[in-house]
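Residues per chain, in single letters:
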Amino acid sequence: MRIGVPKEIQAGEKRVATVPEVVEKLIRLGFTVAVESGAGEGANCPDDAYREAGAEVLGREDLWAASDIILKVRAPQVHPELAIDEVESLREGATLVSFLWPAQNPGLLQRLASRRATVFAMDSVPRISRAQKLDALSSMSNIAGYRAVIEAANQFGRFFTGQVTAAGKVPPAKVFVIGVGVAGLAAIGTARGLGAIVRASDTRPEVRDQVKSLGGEFVEVDHHEDGATAGGHGKVMSEAYRKAQHDLYARQSMDVDIVITTALLPGQPAPKLITAGMVESMRPGSVIVDLAAEQGGNCELTVPGQVVVRYGVTIIGYTDLPSRLSRQASTLYATNLLRLMEELCPAKDGILHVSMEDEMIRGTTVVKDGVITWPPPPIAVSRMRKNGATAAAPVAVPKAEKPKGPGRMARFASVILLGAACLMFLWVGAKAPPAFLSHFTVFVLACFVGYMVIWNVTPALHTPLMSVTNVISSIITIGALVQMSSPGHPVPILAGIAIVLTSVNMAGGFWVTRRMLGMFRK
């Protein structure tokens, strides 16, 4: 089968659905690949690079007519100036893979179904572990979050990091990120890397640790309600929660310099979280970057696709942030499509096998042979949730089965053993010579210290504990060196063995600790 990669006709779109490095891998799957002339120019992928990778370079009409599979970035659309209707250009019974947004484009689904097409929507990849390699939304969101901070820095009139100079003290910028998904996390990491003070808020309290791990501060809404769903997305919150959320955002808007909003709900317009009043309360020169601008925006004053200034605040409503890093975005997206092709062509024979029994493929497929299959059935999610999730019922143990007798016997045996140990220590203290008693006391204390230092430590921390055990081993070595001068043969021999064993332990411990610390060095 032939894969065709057309040039995107969306104004300002620089991404391309595949890059030369991925073309070679698609060919190894048994496909032939054709690319429209000039398709990769915006992503710095010239036609000659595609030819060297083994792809054909064709004109637009020839490409659409000869392709069994069309790989695109944007959904098919009509370009009146170029007299192009991409749905009509698609061959009858062909396969289309692109971002589609089926919830917002039911008419487009109907038109594609009328072409008897099979359509895969990359924005509908299910949020399950197996499908992470196909998750183009996360790939693009990662780029958008990074680019949002870069755009904010371009419009912001100060440093991000604080400085103390001869000309005066420069305070660090304060950044507030609304929504801690992939884009939000990328924005937090980038802003922290530039030296800003970063705060973040999300309806899902479980992301708190992720924010802290990136050096940010998680700001919690003063109303307990979990906003996560089984699919990993957010949900519509209650009126009481939204009121508390509004108060929080109003306070933060007055205090911070930059606000980055990323809040989106699947299949719905972007929720309005930043009101005109909040914008007016911000300091002049502040910046808002609205990553939800394409779906209407999280800010009431956002103009999709434009940068506007309201009340002295710059509001960035770009809808093409991933396209502004076109080469990187194209490479990641092409890799996501390659993983999908690998799933659809396991035999590497260049033939697609669409298994609707596979929940990953079923969730991504929105039209199958002209039949609309969207929305897919819900996927059973195995993860346990504190509230609202179905969990396995605890197994009740009948009272008659509780081991009452053995428990009493075990306690009685413990008392007997403790009494016997006390009697033995009394006998040793009464009969043993003073020198032995002092050594025995040190031995007992060493056992207690070893228990407290080693046994009570979580197993995950045993490797970092190597340095502590090295110190203990060095003390043992000093004791063995002292005993080397003892009269007779048994004691010096045992001391020599102790020196050898502890030396191996020290050397090995420092070597392992050095390797462990090396993993954290850049």
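These numbers come from a predicted model, not from an experiment. (Residues numbered from 1 in each chain as written. Predicted model: local features only at pLDDT ≥ 70, side-chain atom pairs only at ≥ 80, totals over all residues. Heavy atoms only, no water.)

Engineer: Explain the packing of helix α6 (residues 136–155) against helix α7 (residues 182–193) residue by residue, including any values.
Structural biologist: Working note: a packed helix pair is described by the angle between its axes plus the distance between those axes. Where α6 contacts α7, the axes come no closer than 7 Å and their chain directions differ by 35°. The two elements α6 and α7 cross, and the hand of that crossing is right-handed. From α6, S138, S141, N142, G145, Y146 and V149 reach across to α7, where they touch V182, A183, A186, A187, T190 and A191. In terms of residue class, the contact of α6 with α7 is made up of seven nonpolar, five polar and no charged. (Axes fitted to C-alpha atoms, helices over the stretch in contact; angles between N-to-C directions. Helix = DSSP H or I, 4+ residues; strand = E, 2+ residues; numbered from the N terminus. Left-handed = near helix turned anticlockwise from the far one by under 90°. Contact = heavy atoms within 4.5 Å. Nonpolar A, V, L, I, M, F, W, Y, C, P; charged D, E, K, R; others polar.)

Engineer: Quick one: what's the story with the side chain of R15, residue by residue and with numbers?
Structural biologist: Turning to its location among the elements, R15 is positioned in the loop between β1 (2–5) and α1 (20–28). Within polar-contact distance, the side chain of R15 engages the side chain of E13 at 2.8 Å. Filtering out sequence-adjacent residues up to four positions away, R15 remains in contact with E8, V73, R74, M140, P322, S323, S326, A329 and S330. (Polar contact = N/O pair within 3.5 Å; in protein donor to acceptor, adjacent residues only side chain to side chain.)

Engineer: If you had to explain the sheet that holds strand β11 (residues 174–178) to someone new, which residues and values would you point to?
Structural biologist: Pairing is mixed across the open sheet formed by seven strands, whose spatial order is β13-β12-β11-β14-β15-β17-β16. Here the strands that pair on one side only, and so sit at the sheet edges, are β13 (217–218) and β16 (307–310). As judged from the three bridges shared by strand β15 (residues 287–290) and strand β17 (residues 313–316), these two strands associate in the parallel manner. The residue of β17 that forms the bridge with I288 is I315. (Pairing = 2+ DSSP bridges.)

Engineer: Outline the environment of G181, supporting the account with residue identities and numerical values.
Structural biologist: Within the fold, G181 resides in the loop between β11 and α7. The class for G181 is partly exposed, based on a relative accessible area of 28%. A sequence separation of 82 residues divides G181 from A263, and the C-alpha atoms of the two residues are 8.4 Å apart. Those residues in contact with G181, other than ones at most four positions away along the chain, are D202 and R204. (Buried < 20%, exposed > 50% of the residue type's maximum accessible area, 1.4 Å probe, protein only.)

Engineer: Mind laying out the pairing of strand β14 (residues 258–261), listing which residues take part and the relevant values?
Structural biologist: Residues of β14 alternate between two faces, with I258 and I260 on one and V259 and T261 on the opposite face, all of them buried. With four bridges connecting them, β11 and β14 associate as parallel partners. In the strand pairing of β14, V175 is matched with I258. Relative to β15, β14 runs parallel, the two being bridged by four bridges. Note that in β15 the partner of I260 across the bridge is V289.

Engineer: Account for the pattern of salt bridges, naming residues and giving values.
Structural biologist: Tallied over the entire structure, the rule returns 31 salt bridges. Where D48 meets R51, a salt bridge forms, and the shortest distance between an N and an O atom there is 2.9 Å. In this pair, D48 and R51 are both assigned in helix α2 (residues 47–53), three residues apart and thus about one turn of the helix distant. For R111, the salt bridge identified is with E88, shortest N-O distance 3.4 Å. Of the two residues, R111 is situated in helix α5 (residues 106–114) and E88 in helix α4 (residues 86–89); the sequence distance between them amounts to 23 residues. (Salt bridge = Lys/Arg side-chain N within 4 Å of Asp/Glu carboxyl O.)

Engineer: Help me get a handle on the sheet that holds strand β8 (residues 118–121), residues and values and all.
Structural biologist: Read from one edge to the other, the open sheet built from eight strands follows the order β3-β2-β1-β4-β7-β8-β18-β19, with strand pairing classed as mixed. Of all the strands in the sheet, just β3 (56–58) and β19 (371–372) have a single pairing partner and so form its edges. The pairing of β1 with strand β2 (residues 32–36) spans four bridges and is classified as parallel. Bridge pairing in β2 places G4 opposite A34.

Engineer: So what about α5? Which residues, and what values?
Structural biologist: Among the residues making up α5, those that are buried are L108, L109, L112 and A113. Buried residues of α5 fall within an arc of 135° about the axis and therefore sit on the same side. Exposed residues pointing more than 90 degrees away from the buried face of α5 are listed as Q110 and S114. In this structure, the buried residues of α5 make contact with α4, β7 (95–98), β8, β18 (365–368) and β19. Backbone geometry just downstream of α5 places R116 in the positive-phi region, at approximately 55°. (Arc of directions from axis to C-beta.)

Engineer: Give me the lowdown on a nonpolar patch on the surface, citing residues and values where you can.
Structural biologist: Judged by side-chain polarity, M424, F425, F443 and V444 come together as a nonpolar surface patch covering roughly 380 Å² of accessible area. The set of elements that each furnish at least two residues to the nonpolar patch consists of α13 (404–431) and α14 (434–455). Among the structural elements, F425 can be located in helix α13. (Patch = residues over 30% accessible without salt bridge, like charges linked within 9 Å, V, L, I, M, F, W, Y side chains within 5 Å. Areas by Shrake-Rupley, 256 points an atom, 1.4 Å probe, with all protein chains shown as cover.)

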